[in-house]
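Here is what each chain is made of, one letter per residue.
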Amino acid sequence: MATSTTGSTLLQPLSNAVRLPVDQVNFVVCQLFALLAAIWFRTYLHSSKTSPFIRHVVATLLGLYLALFCFGWYALHFVIQSGISYYIMIIIGIENMHKYCFVFALGYLTVCQITRVYIFDYGQYSADFSGPMMIITQKITSLAFEIHDGMFRKNEDLTPSQRCLAVRRMPSLLEYLSYNCNFMGILAGPLCSYKDYITFIEGRSYQLQQSEANGKEDTKYEQTDPSPNIAVAQKLLICGLSLLFHMTITKTLPVEYNIDDNFRATASWPVRVFYLYMSLMAARPKYYFAWTLADAINNAAGFGFRGYDKNGVTHWDLVSNLRIQQIEFSTSFKMFLDNWNIQTALWLKRVCYERATFSPTIQTFILSAIWHGVYPGYYLTFLTGILMTLAARAIRNNIRHYFVESPTVKLCYDIVTWMATQVAISYTVVPFVLLSVKPSFTFYSSCYFCLHIASVLVLLVFPLKRTQKGSKKHESIQSMWSKKLEEENVLQKNSYSTTNNSFSQKQEITCRYQALKQ
């Protein structure tokens with residue numbers, strides 16, 4: 001089925017040459033333009049050379065221009081959703097605005113997704129305006145909760161991460177639009193905290209907090225502005241390889257072939273399982289490309305610096321959305337989710353899991369499905385994901401400790417769990433790619449719902465209650481959403497100062513790193 005574009009057709013000749021939909025070409029070209037604009041922004045509109053007001057205005061106008069080029073007048077949805085949400089925050093008040101903003105933003109997104117899917121363009125993966133709206137929805141809801149935490153709730157009632165991210169004053173309309181619609185993240189994100197973004201725009205100094213032997217703070221001094229050039233170059237190399245893989249290999253391994261009648265009738269089970277794994281692995285590079293390019297754009301503008309490690313090496317992964325090596329070699333369902341779409345997982349944890357009064361795991365998966373869209377395949381994937389996650393947790397908690405004493409035995413265990421994890425992930429996300437109910441059930445029925453049944457049996461046989469061996473750890477499902485940045489333990493205590501309120505600079509730096517170490 002042919003797709004129509006809502007954005008500019010200026011690049012139609014290029015689209016015809018590369019045999020891609022023009023809206024996808026628009027997206028890639030605009031992201032490359034954003035990369036160049038980010039370099040210019042950091043060089044000529046550096047915080048040391050111009051005011052935050054100018055940086056906000058330029059970032060916002062560039063973002064809206066890119067949105068207009070890609071999506072035409074549908075880009076007005078971004079301004080309308082942001083504008084109404086800001087109006088809700090002003091008139092409702094800090095006590096309940098987070099609830100109203102959450103319902104409105106998610107509802108507006110859902111209505112737009114319904115009209116796009118069932119009225120205009122069912123089943124198409126071409127770039128569409130609901131993609132950026134998903135990121136804006138995350139930002140609207142996150143900021144609403146952060147303002148509620150910072151201006152209404154008592155400090156002692158907040159978790160350490162909520163205390164760090166809490167916003168203590170209402171942002172101006174310009175700051176709000178700049179956060180939601182800046183050129184660095186309007187097309188592909190990723191989500192970032194409001195305080196980190198404002199810190200970047202206002203150009204607060206990098207701080208290094210040194211400690212004496214007794215643990216008390218000794219001195220703080222300004223660091224030179226670290227260069228992101230190496231990090232950007234590395235990420236662009238990953239983008240190039242991912243795009244090359246997607247343009248050459250991915251098309252030869254379509255996921256739809258898993259439900260081909262002839263393939264199902266003639267292929268042996270080992271061949272079917274191997275193709276299932278290969279086809280879903282081949283579907284991931286397009287996400288690697290889009291998310292890594294978005295990360296590179298933010299870094300090129302000077303945003304995304306997390307700190308130095310003990311050897312003085314810079315880390316530009318504050319807003320990174322994935323870790324490819326950990327994804328491809330994950331040995332557990334949790335490990336895969338820990339490293340895939342990291343910022344979305346953090347959003348789900350902060351606005352849903354931490355605040356849910358009952359069944360936080362189920363609520364979190366349901367919210368994730370609603371946010372992703374209205375295709376039935378999404379809901380099949382996330383409902384299957386609930387089963388897989390609970391079963392994987394039960395197995396890990398009850399048997400893993402028998403295999404970790406001997407290095408040889410642990411290696412064998414890791415190989416087996418890697419294979420099982422990759423097959424389980426592939427089995428779970430097939431409906432996410434197929435989208436519709438009929439092909440999804442065709443696939444699952446052809447597999448006799450084997451992993452669904454196996455998960456139920458695991459939950460019946462193994463207790464969900466954590467064994468004594470693992471009682472010192474946090475609940476693994478909570479870790480799935482919260483332990484996204486655990487390697488920050490190896491970093492020295494330095495970052496942007498995220499002061500946005502009456503807290504002292506010392507309190508803010510300490511708070512920031514307590515959150516990062518969660």
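Residues numbered from 1 in each chain as written. Predicted model: local features only at pLDDT ≥ 70, side-chain atom pairs only at ≥ 80, totals over all residues. Heavy atoms only, no water.

Overview of the UniProt feature "transmembrane region" (unreviewed entry) in the chain
What UniProt calls "transmembrane region" (unreviewed entry) maps, in this numbering, to residues 25–45, 57–80, 377–395, 415–437 and 443–464. Between the C-alpha atoms that bound residues 377–395 there is a distance of 27 Å. The span itself is 100% helix and 0% strand. As annotated, residues 415–437 has a helix share of 91% and a strand share of 0%, and its two end C-alpha atoms lie 33 Å apart. (UniProt positions renumbered as here; feature names shortened; annotations may be inferred. Helix = DSSP H or I, 4+ residues; strand = E, 2+ residues; numbered from the N terminus.)

Some details on the confidence of the model for the chain
Taken residue by residue, the chain gives an average pLDDT of 85. The fraction at 70 or more is 83%. Mean pLDDT in the chain bottoms out at strand β1 (residues 206–211), which sits at 39, and peaks at helix α8 (residues 173–181), which reaches 98. Scored below 50 in pLDDT, residues 207–222 makes 36 contacts in the model with residues more than four places away or belonging to other chains. The model gives residues 466–510 a pLDDT under 50, and that stretch makes 127 contacts with residues more than four places away or in other chains. (pLDDT = per-residue confidence, 0-100. Contact = heavy atoms within 4.5 Å.)

Here we look at the environment of R323
Looking at the secondary structure, you find R323 in the loop between β4 (314–315) and α14 (324–328). Each C-alpha atom of the pair R323 and N339 lies 5.3 Å from the other, and the pair is 16 residues apart in sequence.

A closer look at the pattern of salt bridges
Taken as a whole and assessed by the stated rule, the structure comprises 11 salt bridges. Note that K235 is salt-bridged to D295, the shortest N-O span being 2.8 Å. Taken together, the residues span a long stretch of sequence, with K235 in helix α10 (residues 229–248) and D295 in helix α13 (residues 285–300) at a distance of 60 residues. Grouping residues by exposure puts K235 and D295 together as buried. Note that K334 and D338 form a salt bridge whose closest N and O atoms lie 2.9 Å from each other. With a gap of four residues between them, K334 and D338 both fall in helix α15 (residues 333–339), about one helical turn apart. The exposure class of D338 is buried, given its relative accessible area of 7%. (Salt bridge = Lys/Arg side-chain N within 4 Å of Asp/Glu carboxyl O. Buried < 20%, exposed > 50% of the residue type's maximum accessible area, 1.4 Å probe, protein only.)

A word on the side chain of N398
Within the fold, N398 resides in helix α18 (residues 376–399). Within the structure, N398 has its side chain in polar contact with the backbone oxygen of A394 (distance 2.6 Å). (Polar contact = N/O pair within 3.5 Å; in protein donor to acceptor, adjacent residues only side chain to side chain.)

Some details on the nonpolar core
Ranked by size, the top nonpolar core spans 75 residues in total, and within it F41, F78, F183, L187, Y197 and F200 carry the most contacts. Sequence-distant contacts of F78, defined by excluding residues within four places in its chain, comprise A67, F71, F129, P132, M133, I136, C181 and I186. (Core = buried A, V, L, I, M, F, W, Y, C linked by side-chain atoms within 4.5 Å.)

Structural notes on unusual backbone geometry
Cis peptide bonds are those with omega within 30 degrees of zero, and the linkage from G189 to P190 qualifies with 0 degrees. Along the polypeptide, P190 turns up in the loop between α8 and α9 (194–202). Of note, the phi angle at N341 is positive, near 50 degrees, even though the residue is not glycine. Phi at Y448 is positive, roughly 60 degrees, even though this residue is not glycine. Turning to its location among the elements, Y448 is positioned in the loop between α20 (437–446) and α21 (450–461). Its relative accessible area of 62% is what places Y448 among the exposed residues.

Side note on the packing of helix α3 (residues 52–71) against α8
The description of two packed helices rests on the angle between their axes and on the distance between the axes. Running from amino to carboxyl end, α3 crosses α8 at an angle of 45 degrees, the nearest separation of the two axes being 9 Å. Put simply, α3 runs oblique to α8. At the point where α3 passes α8, the crossing takes the left-handed sense. Between α3 and α8, the residues in contact are F53, H56, V57, A59, T60, G63 and L64 and L174, E175, L177, S178 and C181, respectively. Along the lines of polarity and charge, the residues of the contact of α3 with α8 split into seven nonpolar, four polar and one charged. (Axes fitted to C-alpha atoms, helices over the stretch in contact; angles between N-to-C directions. Parallel < 35°, antiparallel > 145°, perpendicular 65-115°, else oblique. Left-handed = near helix turned anticlockwise from the far one by under 90°. Nonpolar A, V, L, I, M, F, W, Y, C, P; charged D, E, K, R; others polar.)

Some remarks on helix α19 (residues 407–434)
For α19, built from 28 residues, the straight-helix expectation of 40 Å at 1.5 Å per residue is met to within 8% by its first-to-last C-alpha distance of 40 Å. One or two residues past the end of α19 sits L435, with phi positive at roughly 75 degrees. (Expected span 1.5 Å × (residues − 1).)

Some details on the side chain of Q162
Note on placement: Q162 falls in helix α7 (residues 160–165). In this structure Q162 comes out as buried when scored by relative accessible area, which is 6%. In contact with Q162, other than residues within four places in its own chain, are D149, R153, D157, E354 and R355.

Describing the environment of I415
Mapped onto the elements of the fold, I415 is located in helix α19. Of the residues examined, I415 reaches a relative accessible area of 45% and is grouped as partly exposed. It is 7.6 Å that separates the C-alpha atoms of I415 and T331, two residues lying 84 residues apart in sequence.

Description of a nonpolar patch on the surface
A grouping of L68, W73, L76, I80 and I84 is seen on the molecular surface, where their side chains present a nonpolar patch of about 500 Å² in accessible area. Here the nonpolar patch gets three residues from one element, more than from any other, and that element is helix α4 (residues 76–92). By secondary structure assignment, the location of L68 is in helix α3. For L68, a relative accessible area of 36% puts it in the partly exposed group. (Patch = residues over 30% accessible without salt bridge, like charges linked within 9 Å, V, L, I, M, F, W, Y side chains within 5 Å. Areas by Shrake-Rupley, 256 points an atom, 1.4 Å probe, with all protein chains shown as cover.)

Quick look at the packing of aromatic side chains
Per the counting criterion, the structure on display carries 35 aromatic pairs. With 5.6 Å between their ring centres and 65 degrees between their planes, F41 and F183 make a pair best called edge-to-face. In this pair, F41 is assigned in helix α2 (residues 22–44) and F183 in the loop between α8 and α9, connecting sequence segments 142 residues apart. You'll find F41 and F183 in the same group, each marked buried. (Phe/Tyr/Trp six-rings, centres within 6.5 Å; stacked < 30°, edge-to-face > 60°.)

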